[in-house]
Amino acid sequence: MKVTVNGREVETAPDPCRRLLDFLREDQGLAGTKEGCGKGECGACAVLLDGRLVNSCLVLLGQCEGASVETIEGVAGTALHPVQEAMLQLGAVQCGFCTPGLVMASVALLRENPSPTPAEVRRGIEGNLCRCTGYVKVEAAVLDAARRMREA
Ligand code: FES
Ligand code: FES
């Protein structure tokens, strides 16, 4: 079967029951996508599947035939994404488990809604759990990234 990962078409052996998360991390070496809960509750494994935010621990490879997957490794081009820039500058980079998923959720939100309100940002990242640091700086960074992207 064929699946496009970060713009590159990949031919893969048909194991339709393999989790997309394992395919990305183990077969493709894309370890930026993390496994937290493994049951769809934490958002650490968030990626975009045909532009839609999904938890890759709940997606089977068989559901990805012909689809396009974007991971944290594909978000930055030659420069960091504005969400990543804003997170760095506003001190919103948290641990390696929650940050990639928070970036993916924020990128998905801003593609859909370039001018989110604070409440809309909170809703956009509500599927991404952090049990240690919090969300205040992340919210500020996403709002700042939205402003940067509108002004670019
Ligand atoms: S590891 Fe997928 S939602 Fe937690
Ligand atoms: S889970 Fe990453 S900082 Fe809390």
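Residues numbered from 1 in each chain as written. Chains lettered and ligands numbered in written order. Predicted model: local features only at pLDDT ≥ 70, side-chain atom pairs only at ≥ 80, totals over all residues.

## Looking at the domain arrangement of the protein
Rules: The split into domains, and so the bounds of each, comes from an automatic or database assignment of domains. Whether two residues are in contact is decided by their C-beta atoms, placed from the backbone, lying within 7 Å. In this description a helix means any DSSP run of H or I spanning at least four residues, a strand means any run of E spanning at least two, and both kinds are numbered starting from the N terminus.
Each assigned domain of the protein is listed here: domain 1 (2-75) and domain 2 (82-151). Taking only C-alpha atoms into account, the centre of domain 1 sits 21 Å from that of domain 2. Taken residue by residue, the interface counts 15 residues in domain 1 and 13 residues in domain 2. Those elements that place two or more of their residues in the side of domain 1 that touches domain 2 are strand 3 (46-49) and helix 2 (72-75).

## Here's the deal with the pairing of strand 1 (residues 2-5)
Defined as follows: Each residue is classified by how many other C-beta atoms fall within 10 Å of its C-beta atom, where C-beta atoms are placed from the backbone; a count of 20 or more means buried, 12 or fewer means exposed, and values in between mean partly exposed. Think of it this way: DSSP has to see at least two bridges between two strands before they count as a pair.
Only one face of strand 1 is covered, namely the one carrying Val3 and Val5; the face carrying Lys2 and Thr4 has none of its residues buried. As judged from the four bridges shared by strand 1 and strand 2 (residues 8-11), these two strands associate in the antiparallel manner. Residue pairing across strands places Val5 opposite Arg8, the latter belonging to strand 2. Here strand 1 hands over to strand 2 after two residues, with Asn6 in that stretch at a positive phi of 50 degrees. Sheet topology note: the strand 1/strand 5 (residues 68-70) ladder contains two bridges and is parallel. Across the sheet, Thr4 pairs through a bridge with Ser68, a residue of strand 5.

## Focus: helix 6 (residues 136-151)
Residue pairs spaced three or four apart in an α-helix point in one direction, given the helix's 3.6 residues per turn. To keep things clear, this is the line we draw: Multiply 1.5 Å by the residue count of a helix minus one, and that product is the helix's expected span. Directions from the helix axis toward the C-beta atoms define the arc.
For helix 6, which comprises 16 residues, the first-to-last C-alpha distance of 23 Å matches the rise-based estimate of 22 Å (1.5 Å per residue) to within 8%. Of the positions making up helix 6, those classed as buried are Val138, Glu139, Ala141, Val142, Ala145 and Ala146. Projected down its long axis, helix 6 shows its buried positions confined to an angular sector of 160 degrees, all on one face. Those residues of helix 6 that are exposed and aimed more than 90 degrees away from the buried face are Val136 and Glu151.

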